[in-house]
Structures are given as structure tokens and as C-alpha cells.
Amino acid sequence: MSVRTLVINGKDVAGDADQTILEVARENSIHIPTLCHLKGLSDVGACRLCVVEVAGVNKLLAACVTKVEEGMSVVTDSPTLHDYRRTIIEMLFMERNHVCSVCVANNHCELQDAAKELGLTHFDLPPLEPVVEVDASHERFVIDHNRCILCTRCVRVCDEIEEAHTWDVFDRGAGCRVITDMGTPWGESRTCTSCGKCVQVCPTGALFEKGRSVAEAKHRRRFLPYLRALEQDQQ
Amino acid sequence: MTKATLATVWLDGCSGCHMSFLDMDERLLDVAARADLVYSPLVDVKEFPAMVDVTLVEGAVSSEDDLEKIRMVRAHTRILVSLGDCAVTANVPGMRNPYGPGPLLQRAYIENVTINAQLPSQVVPKLLAKSRPVHKVVDVDVFLPGCPPSADQIFWVVDELLAGRIPDTAKMSRFGT
Amino acid sequence: MTDVKDREQDLDRPEAQPEAGGPRACAHVCEAAGCMSLNADQVFEALRERATERGLADTAVKRVGCLRLCVAGPVVEIPERGLLFEAVDPSSPESIDSVINALQGSEGGRSTADDPFFARQVRIVLANSGVIDPEDIDDYVAHGGYEALTQTVTSKKPEEILEEVVRSGLRGRGGAGYPTGLKWRTVAKSSGAEGKYVICNADEGDPGAFMDRSVLESVPQQVLEGMAIAAYAVGASQGYIYVRAEYPLAVKRLRLAIRQAERSGLLGANIAETAFGFHVDIRIGAGAFVCGEETALIASIEGRRGTPRPRPPFPAQSGLWARPTLINNVETLASIPSIVRNGGDWYRAIGTEKSPGTKVFALAGRVVNTGLIEVPMGVKLRDIVFDIGGGIIGGAKFKAVQTGGPSGGCIPADDLDMPVDYESLAQAGSIMGSGGMIVMDETSCMVDVAKYFMDFCKDESCGKCVPCRVGTVQLHGLLDKITRGEGEPGDLDTLERLAVMVKSTSLCGLGQSAPNPVFSTLRYFRDEYVSHIEDRVCPAGVCPMTSSVAS
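Residues numbered from 1 in each chain as written. Chains lettered and ligands numbered in written order. Predicted model: local features only at pLDDT ≥ 70, side-chain atom pairs only at ≥ 80, totals over all residues.

## Some points on the overall build of chain A
1) Next: Along its length, chain A carries six helices and 10 strands.
2) Next: Taken over the C-alpha trace, chain A has a radius of gyration of 19 Å; the compact-globule value for 235 residues is 18 Å, and the two agree within 12%.
3) Next: For chain A, with 235 residues in total, the buried portion stands at 47%. (Helix = DSSP H or I, 4+ residues; strand = E, 2+ residues; numbered from the N terminus. Rg over C-alpha atoms; globule rule 2.2 N^0.38 Å. Buried ≥ 20, exposed ≤ 12 C-beta atoms within 10 Å, placed from the backbone.)

Okay, structure coming up:
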């Protein structure tokens, strides 16, 4: 282990060379909002919510994928960053058809939480209102693309933890969808083990279990670091 | 000193926000002491007054009737508050937007009706192509999302407005419940 | 080495027998994609048939790569006489005869000697384009091909090559202009116990850009030679050319070139009978623009979904299969053989101090001479448009040049005297880019141009990161609204605010540069946006302005 010392928001902190800015910040009780990040899964730097300013670097860096370096000086919040993050959340709300009040994840949704945290009171951007499908063909689970934010946690948990790689992403741009088995209905998937990990890691109500009430649909995610550790022990 | 005037308006919503308004319970007396409720679904006045200090709007703008009404209300209101998710985001009324009003009417008046199925041509106001949040149609001064916003939140906003301050709802805002 | 010499002599034999009456003239028929789509192969057949009838040798008509004046295709050149024949019609005996007659000494065609389109170009990358048969390695070798590689592997140390490339000052021709030598050094220094890779990025995708395609179709061996030299310098033994499926002719010629080079001992194991070996495979891209971004390209070669990943680590440290990988653009690699042959100092003397060498541009749009040009860096934009390009079609008024495609910007008339180099273009709010250059006159609406490129970016966004996936759609929606005549007073502020946000927060170069056309058109043509919004008028008369909302 080699230690790196750096400054985050004016505070002297230290972390291991292979730790990310996000990890070190959280260890030091410095909050950085995230959506695609989930402890126990690989990081992809896709939602861009965790972008931070690093002195001497002329672009913003995603804290979840940027390793700490000796002497680094990081700012995790500023009016500009706050504004960018608000816009990211607003863009996500406007991209698909998010209706918190009738959502199975109402009150335990990370998108809803992020909107609250960033103080969004309304949306100025026009909603895109696409017609997207709901796949309820699986006997236990449903994917409602109206609520999907393409964080790819389901893709990663299925590949990295369950090692089934049932999920992947199809198409590009606004046409992107998470799909099962090359686009066959979930219920017909031959690779899905019905383990339900994807449902547990979903930050919104896009993936949910049939027959559960909103109150019962809370996600359980603490199994991830445990499974990951177990896997590493075995290797 | 003349009392402030307060109005509430009900567009395309479920009236849940008005229920939450009533849930202020005994604090309603406090509000009533400082402002007159001059127009509301909860009172009997039929004409919107010439000028109202604060108007709370529940519901999205979904029909020609809603549109006409909110434009009129805006013209006669000093501070307009979008109250609740339908007014703020179009919420449930907006769920028809990807499909347009045609399939919605078909579903409601033809497919789900067993006797004398027909599309309404009278009384029911004509639906707009899209159901829209209030601020996409007229200027809005204060946003209070929530489905519904709690009585505490509503009281705080009304309290602040009656005290002559524009409340910063960013600190307490939340979509859904 | 001896093999090469032998073949050179074989090939020289027919050339060494001039026909009676002076040096033998040869009609070069352009068989690059542009002319091929205008039946250049039929032109070749017709010419050869007529030449045979006239008793001329088989070698009097030859297939070559791009002759550069694409607007006049199918083009035939007789270099010995400095004549160019435009729009040769294979079905017209007169058209065919005019070429054959010229072979035999008659006048005809257009003289290339004093034509600024040809005279003002400096050809290094394209030196052999239109000269050699792209499907014949021997022809390439006869014109000095593979000299640099054999020299390199038989008598030079990798460090010497690195030094030459650094000295040349060559900068990446894919668009960003990163110093090539520095990149090579980084890969050379990276530890590659498990191997290193050289990748040729031939995923050219900017609208209006066809430099790389033409290079691949015209001098495929030159690109392979550049790759092999690069591999020797950085210590790689495997290479990939990532080329789009939309370039079938380039793919075909590359395949052939690889096979011929392997058979000649110039690729594969023991190149030029040395211990150095380098294999090249082709990977065909499915046409996603984002796969031109290096990390997405690498993911695609690995068989994964072609989406970018955050850098660092840079491919030079951890690229293909997590190994050190050198990834260069087609034109960059095609510049290498002449740099090695003539030395870095020679190359550095061409162009400007900070942007040495030449650059190939695909000149397109409302200019008389559309086609492929190669010019020294630092040439004035005015010279490109009005001398080489021959000015605006119909003498219309010049409005702007778009460089750098969807990542670039527009340069207005006021900046026509600007030298074309990396820094100047960046200062003017555009970029060098890979070499697309679209000339526009007064018939182009700049809001419409910005909308066009945003439409392209939103379709080509891979969808991985939010600002690019959703932001480009929102920006396009706003531009579309303005061109429909529905713009509102606050829209320009929103446009700028969103553009800055997308640029600042996107994951890869596609999203980070997608707002550039918006910034640049706002910078120089803000009045056009204003008249769309305030007066509901499109000054160029391009936008539909369908909405006549009065309120």
C-alpha cells in the first residue's frame, strides 16, 4: 500500500494509490453525488454526476474513476458543478417518462433523492416523452424502460457478480435500451438465472419485483461488497 | 391595513393538493386571520376577483378550459404558486403525452365503456395535444412540488408569502411523496 | 532486401523500353471510390480496348488511385504530358479518343502544369496517389515504397526512428494534433512483456471528409509501411487497421496489400529477412462514428460494445487487451515512410514551426474544385478556397468554411487570411480536425448548419454518458425550434448554457466537442440566430419557419 496525500475542498486527506477520489472523499465524510456508481461494481463514469474540479487539469474529472494522486487538489462542489449536476438530473427526468407519484420506487429512488439533494423544484427543459416499452414477460420481474436512466448497474452486476451477462445495452444515443439476451423478451432469456440482483441494484423503479408494494420494493444492496469480497477470497 | 387575498385553483389534478391544504387543520385559522380566501373550489365564489395577492394552482394544463382559466388567473394574480407535481411537472395527467389525446379518449370513452360508447362532444372540454406544467403556459413565481406537498410545506410557503417573502422551496422540494 | 531489388528490376524492364518517338506516355485512370462510382472501371476498359486497337502497349493505360480533382470524375491523367481529362465518358468514342490521341501526341484535355489546383499542392502523403497502381505492390516498391521500412529494420535502432519522428514535429492527423513522436515514445517506454499493439484508426466518419478513404484506396501499402515502422519503433508485433464497413474498396485494397506485402516478406514474420516480425489484421467497424474515439475503437476491436471509457489510463499505457497500444490515424502513418526516408529535419522544414509538414484536406461544398488536396501547413485559407479551390461556384459570395466536421467550427470571411495550422484554427474557434473542409456561400443558413451537425452528434452519441446522450437531443431540439420560427427570447441563453454544460461534463471527445458548431456559429453569425428568433426570418431562406405564431 502506498499512501497519497491530497487536498479535497481545502481539507488534507490521505488515501491509497489505487483508490479513487470518490472513495477517499467518502472515507473523509465528503459527499459527492453519484448515480451510476455502486460500491461493489466496477465504475464506468457514465452519469457524470460526480465530476469534480482538479487543480491544473483543464477538464472536469469523474471522481468515481479518477485515482488519487500525490499533491492533488480537488474541489467537489462549486456553483458551476452544482449547476451542471442539476442539469444532469433535469436531463434524466426529461429523457424518459418519470412519474414519481405512481412509481414503485417512490421514496426510495436515487434519482428522486438526487433531485431533492440538488434542490430541483421544477424543470425548464422540454420533456422528450418517448414511447418506450415495459417488459413484464419474466415470471418474477419487470423492466419498465420509462424509468430507466441507463446507469448500467444491472448490466454490470449481472456480468461481474452473477456472471450471467444476461443484460447489455442496445442501440445508441436516445435509442439506447438495456436488453436481455440480444433483445429477446426477459421471460424467454436462457441466460437469466432469476437471481434478482439487477432488481436490487437498480437506482430507480425501472427494475422491480412483481407483486410487491411500493413500501416492500426497497432495494437491498449491501450484499454486493460482501459477494465481491467473497469472490476475491476465492481467487 | 387591508387583509391579503388568497385563492386556490383546481386544473387537471386529483384534488389531493387541496386535501393537503385542508390538512393544515388548525393552522387554517392562522391563515384565515391573515388572508381572505377569495376564490377556491372550497368556497362559493364563482368569479375570479380583479386582483389576488397569492394564488395556489393545483393540476396540469390539459384542456382548452384549463388553458383559458390559467391565463385568466395569471392576469389577475400577483404571486402564482404551482402547487404539487401535476402543476409543476404535469405528473399523472402528462402520462398520456407520448401517445396523444386520441388513444386516451379511445381508451376512456370507447374501449372501457359497455353501453353507448362514444367520444364526448359537449360539456367535456377539448383536450390539448399535450398536458403541460403550469409554467410552460404562464409565468410561475413559486414552485412547490410533491404528490401532494405536505400540509407543513404548504403552510410554510403560504406563511412566508403572507409575510411578504418569496420562499426558497429548493431546500424542501421533493417530487412524489 | 535482395528480393525487393530483384522485383524492382523485373518491373523496370517494360518501363525501360520506351516506344519509338520519346518517353512512353501512360493514361492514368483514377480508380478511387469517387470516380469508381462514375464508372471509372468502364473508362479503363474502353481506353485499354481503344489503345489495343491503335496498337499501343498494354502499359499505355493504367489504373491508379485518387487523382484528386473529384468534381471532374471520372478523371484520366497523362502525367508525361501534364494533361488531365475530365468527365471521361466510356460510352462516347470521342471522349475516349481524345485521351488516346493525346497519348499519341495530340492536344487535348486540361493542362495541369499551371493550374493552381495542382501546382499549389505539396504532396507527401499523396505523392504516389494517382501515380501507382494501388493493387500492385511492385509498383509501390518501384516508386520507393518499403525503402524506409527495409532501411529501418536492417540498419536502424528503434531509438533512431523515434528520434526522427520526434524531430519531424509530426502531429496527429486525426484531429487533436498530439505530437506523434511523443506518443510513440510513451508506447516505446511502456513495459510490454505481454506484447504491444499498433492500431491504424481508419474509422473516418466526419460528414464531408474522405481523406483517409482516398489514402487507403490509393496508397494502401504506404499505410502498412508506416504501421510496420511504428511497430518496430515501439516494439509491437501485431497491428490492426480499424476501417469502416462503408469503405469496401479501401478494405478490398488493404486486404490485397497485406497479402502482397506478406508474400514479399515485407509484413509478417522476419520482415526483410530480419528477426523483426509484424502482422496486420483488418477489423471492420460497423459504422458507429464514436468508434473513431480511440477507447471506443479499442473496445470494438476487443469484441465489446463500442463505447468510450474515461482516460487515463491512455491507450499508450493500457490499450488493446490492457496492453500498451499505439493508435494513429491513417494520414499520420502514411506520412511516416517519407519522414524516415528523408529525415525529420526535412519534414520539419515544410509547413510552420508549430505545425510542420503537409495536411490532406477533403475540399467540398460550394467551391469550384471539390476534391482532395494536400498543402503545406500554414497556407492561407484564402489560397485554399480561391486558388486551389477555384473560388465559389457561380462567383457567389463566400460565407464560411467549416473545418473539423461535427467537432469543428465555421471560419468566416474576415478570417480568410488566417494560416491553416492547429493553433490558428483553434484560436478562430474551430479545429484542424481530420481534414474535412466544407465551403459555404450565402445560400447556407448557419443555424441550419449548426442544427445539421447537432443532428449528426445526437444520432452518433453512444448513449453512455448523460450530457452527450440527452444534451445533444436537447440542443438539437432547441436549434430545430429556432429554425421552425418558434424561437423565444431566452432560447439563446439556454442554448449557450446547455452547450457549455455538455462540453464540460461529457465523457469523451464526441460529447465534449459536439457543441463546437454551436459556439462557432454563435460567435460569428449570432445575427442570424437573432433574426430567426426576433424577426422569424431565415436570412439565407433555408429554414422552413413553418410556424407563424404571432403571440
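Resuming the write-up.
## A few points about the overall build of chain B
1) Next: Secondary structure summary: chain B contains six helices and seven strands in total.
2) Next: Put simply, chain B runs from its N terminus to its C terminus through helices and strands in the order β-α-α-β-β-β-α-β-α-α-β-β-α.
3) Next: Considering only C-alpha atoms, chain B reaches an extent of 55 × 35 × 30 Å along its principal axes.
4) Next: Burial analysis of chain B (177 residues in total) assigns 40% to the buried set.
5) Next: Pairs at least 24 residues apart make up 82% of the contacts formed inside chain B by residues separated by at least 6 positions. (Contact = placed C-beta atoms within 7 Å.)

## Quick notes on the nonpolar core
1) Next: Counting 256 residues, the largest nonpolar core has C:L47 and C:A230 as the members making the most contacts within it.
2) Next: Residue contributions to this core peak at 10 residues, all from helix α11 (residues 220-234) of chain C.
3) Next: Once residues lying within four places of it in the same chain are set aside, the contact partners of C:A230 are C:W184, C:V198, C:L326, C:N328, C:L333 and C:I336.
4) Next: If you look at the next biggest cluster of nonpolar residues, it comprises 33 residues, including B:A7, B:Y39, B:V73 and B:V134. (Core = buried A, V, L, I, M, F, W, Y, C linked by C-beta atoms within 7 Å.)

## Topic: the interface of chain C and chain A
A common way to express how large an interface is: the accessible area buried when the components associate.
1) Next: Of the residues lining the interface, 22 residues belong to chain C; the matching set on chain A comes to 24 residues.
2) Next: Elements with a contribution of two residues or more to the side of chain C that touches chain A: α18 (446-460), α19 (466-483) and α20 (491-505) of chain C.

## As for the domain arrangement of chain A
1) Next: For chain A, the domain assignment lists domain 1 (3-77) and domain 2 (83-234).
2) Next: Residues belonging to the side of domain 1 of chain A that touches domain 2 of chain A are distributed by class as follows: 10 nonpolar, two polar and two charged. (Domains from an automatic or database assignment. Nonpolar A, V, L, I, M, F, W, Y, C, P; charged D, E, K, R; others polar.)

## Thoughts on the interface of chain B and chain A
1) Next: At the junction of the two partners, chain B supplies 23 residues and chain A supplies 19 residues.
2) Next: The element best represented in the side of chain B that touches chain A is helix α4 (residues 85-89) of chain B, accounting for three residues.

## Quick look at the sheet that holds strand β4 (residues 83-85) of chain C
Residues and elements named next belong to chain C.
1) Next: Reading across from one edge, β2-β1-β3-β4-β5 is the order of the five strands in this open sheet, with mixed pairing throughout. Each edge of the sheet is formed by a strand with only one pairing partner; in this case those strands are β2 (61-64) and β5 (110-111).
2) Next: Pairing between strand β3 (residues 76-78) and β4: three bridges, direction antiparallel. The residue of β4 that forms the bridge with I78 is L83.
3) Next: Against the sheet, helix α3 (residues 40-53) makes contact with β1 (27-30), β2 and β3, and its axis sits at roughly 160 degrees relative to β1, the strand it touches most. (Pairing = 2+ DSSP bridges. Axes fitted to C-alpha atoms, helices over the stretch in contact; angles between N-to-C directions.)

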